[in-house]
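# Understanding the architecture of this molecule
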Amino acid sequence: MGCATVTPAEATESSPKPPAPPSVSALSWEVMDARTGAVLGAAAPHRRLPPASTLKTLFAVTVLPKLRQDTVHRATSADLAEVAEGSSMVGVDEGARYTVADLWRGVFLSSGNDAVHTLARMNGGLSRTLAEMQATADRIGAGDTQVRSPDGFDTPGQYSSAHDLALIAKEGLKNPDFRRYMGTKWARFPASGGPDAYEIQNTNRLLVGSHGVEPYAGLIGVKNGYTSQAGCTLVSAATRGGRTLLVTVMNPQDESFNAVYEETRALLDWGFEAAPLRTLQGSGPQHPTTAKKSAVATPGPAAAEPTADAGPGLTRHIGAAAALLVLACVPALVRRRLRKRRTLR
């Protein structure tokens, strides 16, 4: 009796099919394999949108390797002169002494624009830092990104995309210092202590678990953000079963308080379930003016455009929830305990 022959087509048909991505309200999202850069799924991944503080990841990729972590710096008024009014701050005070490591914890945990500008001055100034950030974006293929501020604060002409932010995070993961800071949950600022030191906590609720958000098992970072123009943004990295995934979510239209975190959770769960069931393919470069489903950001709230599982080789399409409500999910920044917040005028 002969053995039955299974054709490749029959084998493919009998293989488990990956599940459809979850329906989320974000204007743009992407799920990327952090090791290979392959895109598992996406919706409008090259749509140019304000990035908010997720752009601090590009600042870190650019400047972090250049400054010794144990260097001590006395903050000056010039360091803080160009911090925009309304910025999130960790509390860098003129005349106080901080190590570079203190300042990076201020960047990653408290999203401190004052720490960003202090480090930018140490790097040779704002203009030089912005030019280097743009050069970094160009070098790693983040072609949707234009840099106008080092901290992600709303600035005319500044934008990025879900795909670019995932690429930037992927680059950051190569640096052990980047990985350490992005995964730090709590720290003393400054770490040397003293009567004026205080505790800071990472504002990424999916990492620490706060404000009604349960921490995500396996989450290792990266960075959250919010501005009035960008809405809520979040780049996340999580590891499970030896695989690390990157998820970028930009501007959910769902008005619930923690939408950006819960939509990220859903996409991470989907990615870890779907990844073993499909052959991953790299996304390759895609210019935003020719990318399918891409759009240029416009001021003010925008309705979510139709979304698709847009990774190359994928044909499954999903619908995105449309909403015309202004996003009301301002993240609550953790304030320091032992001294008053610096007021910029």
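This report concerns the structure included in the present document. The shown structure was predicted, so the numbers you read here are calculated from the model rather than taken from an experiment.

## Brief notes about the overall build of the protein
Secondary structure summary: the protein contains 10 helices and nine strands in total. Classification of the 345 residues of the protein by burial places 55% in the buried group. Within the protein, residue pairs in contact and separated by at least 24 positions form 67% of the contacts whose partners lie at least 6 positions apart.

## A short note on the environment of glycine 271
Among the structural elements, glycine 271 can be located in helix H10 (residues 259-274). Classification of glycine 271 by relative accessible area gives buried; the value is 0%. Those residues within four positions of glycine 271 in sequence are excluded, and the remaining contacts are Val31, Leu40 and Leu245.

## Quick notes on unusual backbone geometry
Each neighbour pair has its own omega, and for phenylalanine 189 with proline 190 the value is -10 degrees, a cis peptide bond. At alanine 44, a position not held by glycine, the phi torsion is positive, near 45 degrees. On the secondary structure map, alanine 44 appears in the loop between strand E2 (39-43) and helix H2 (56-63). You will see that serine 111, though not glycine, has its phi angle at about 55 degrees, which is positive.

## A closer look at the packing of aromatic side chains
Enumeration over the complete set of coordinates arrives at six aromatic pairs. Between the aromatic rings of phenylalanine 108 and tyrosine 181, the centroid separation amounts to 6.1 Å while the plane-to-plane angle is 25 degrees, which identifies the pairing as stacked. On the criterion of sequence distance, the pair formed by phenylalanine 108 in helix H4 (residues 100-110) and tyrosine 181 in helix H8 (residues 176-182) is long-range, its members being 73 residues apart. There is no split in this pair, since phenylalanine 108 and tyrosine 181 are both buried. An angle of 50 degrees between the planes, with centres 5.7 Å apart, marks the rings of phenylalanine 189 and tyrosine 198 as tilted. Residue phenylalanine 189 shares its accessibility class with tyrosine 198, and that shared class is buried. Ring pairs connect the aromatic residues Phe59, Trp104, Phe108, Phe178 and Tyr181, which therefore count as one cluster. The ring of tyrosine 181 has arginine 180 lying over it, and the distance from NZ or CZ to the ring centre is 4.9 Å.

## Describing H10
Between its first and last C-alpha atoms H10 spans 22 Å; for 16 residues at 1.5 Å apiece the expected length is 22 Å, and the two agree. All buried positions along H10 are accounted for by Ala259, Val260, Tyr261, Glu263, Thr264, Arg265, Leu267, Leu268, Trp270, Gly271, Phe272 and Ala274.

## Remarks on the sheet that holds strand E9 (residues 243-252)
Taken in spatial order, the five strands line up as E2-E1-E9-E8-E7 in an open sheet, and their pairing is antiparallel. Every interior strand has two partners, whereas the edge strands, E2 and strand E7 (219-227), have only one. The sheet shows a mean angle of 5 degrees between the axes of neighbouring strands, direction not considered. One ladder, built from eight bridges, connects strand E8 (residues 231-240) with E9; its direction is antiparallel. Across the sheet, residue threonine 239 finds its bridge partner in E9, namely threonine 244. Across the sheet, H10 is in contact with strand E1 (26-33), E2, E7, E8 and E9; its angle to E9 comes to roughly 145 degrees.

## Some points on the pattern of salt bridges
In the structure shown here, the tally under the stated rule is 11 salt bridges. For arginine 121, the salt bridge goes to aspartate 79, with nearest N and O atoms at 3.5 Å. Residue arginine 121 is located in helix H5 (residues 113-122), and its partner aspartate 79 is located in helix H3 (residues 77-80); the two are separated by 42 residues in the primary sequence. When its relative accessible area of 3% is taken as the criterion, aspartate 79 is described as buried. Through salt bridges with shared partners, a single ionic network connects Lys66, Arg128 and Glu132.

## A look at the packing of H2 against helix H7 (residues 162-172)
Two numbers describe how H2 lies on H7: the axes approach to 9 Å, and their chain directions differ by 35 degrees. As H2 runs across H7, the sense of the crossing is left-handed. Contacts from Thr57, Leu58 and Val61 of H2 reach H7 at Leu165, Ile168, Glu171 and Gly172. Grouping the amino acids of the contact of H2 with H7 by side-chain chemistry returns four nonpolar, two polar and one charged.

## Some points on the nonpolar core
Counting 53 residues, the largest nonpolar core has Val92, Trp104 and Phe108 as the members making the most contacts within it. The biggest single contributor to this core is H4, with seven residues. Those residues in contact with phenylalanine 108 that sit more than four places away from it in its chain are Ala60, Phe178, Tyr181, Met182, Asn202, Val222 and Lys223. Within the second largest apolar cluster, 26 residues are counted, among which are Val208, Leu234, Trp270 and Phe272.

## Overview of the pairing of E7
For E7, a buried count of seven out of nine residues is recorded, marking the element as mostly surrounded by other parts of the structure. Where E7 and E8 come together, eight bridges link them in antiparallel fashion. By the bridge assignment for E8, valine 222 is matched with serine 236. Counted along the chain from E7 to the antiparallel partner E8, the turn is three residues long.

## Regarding H2
Among the eight residues in H2, eight count as buried, and that is most of the element. Among the residues making up H2, those that are buried are Lys56, Thr57, Leu58, Phe59, Ala60, Val61, Thr62 and Val63.

How each quantity is defined
- Residues numbered from 1 in each chain as written.
- Predicted model: local features only at pLDDT ≥ 70, side-chain atom pairs only at ≥ 80, totals over all residues.
- Heavy atoms only, no water.
- Helix = DSSP H or I, 4+ residues; strand = E, 2+ residues; numbered from the N terminus.
- Buried < 20%, exposed > 50% of the residue type's maximum accessible area, 1.4 Å probe, protein only.
- Contact = heavy atoms within 4.5 Å.
- Phe/Tyr/Trp six-rings, centres within 6.5 Å; stacked < 30°, edge-to-face > 60°.
- Lys NZ or Arg CZ within 6 Å of the ring centre and 35° of its normal.
- Expected span 1.5 Å × (residues − 1).
- Pairing = 2+ DSSP bridges.
- Axes fitted to C-alpha atoms, helices over the stretch in contact; angles between N-to-C directions.
- Salt bridge = Lys/Arg side-chain N within 4 Å of Asp/Glu carboxyl O.
- Left-handed = near helix turned anticlockwise from the far one by under 90°.
- Nonpolar A, V, L, I, M, F, W, Y, C, P; charged D, E, K, R; others polar.
- Core = buried A, V, L, I, M, F, W, Y, C linked by side-chain atoms within 4.5 Å.

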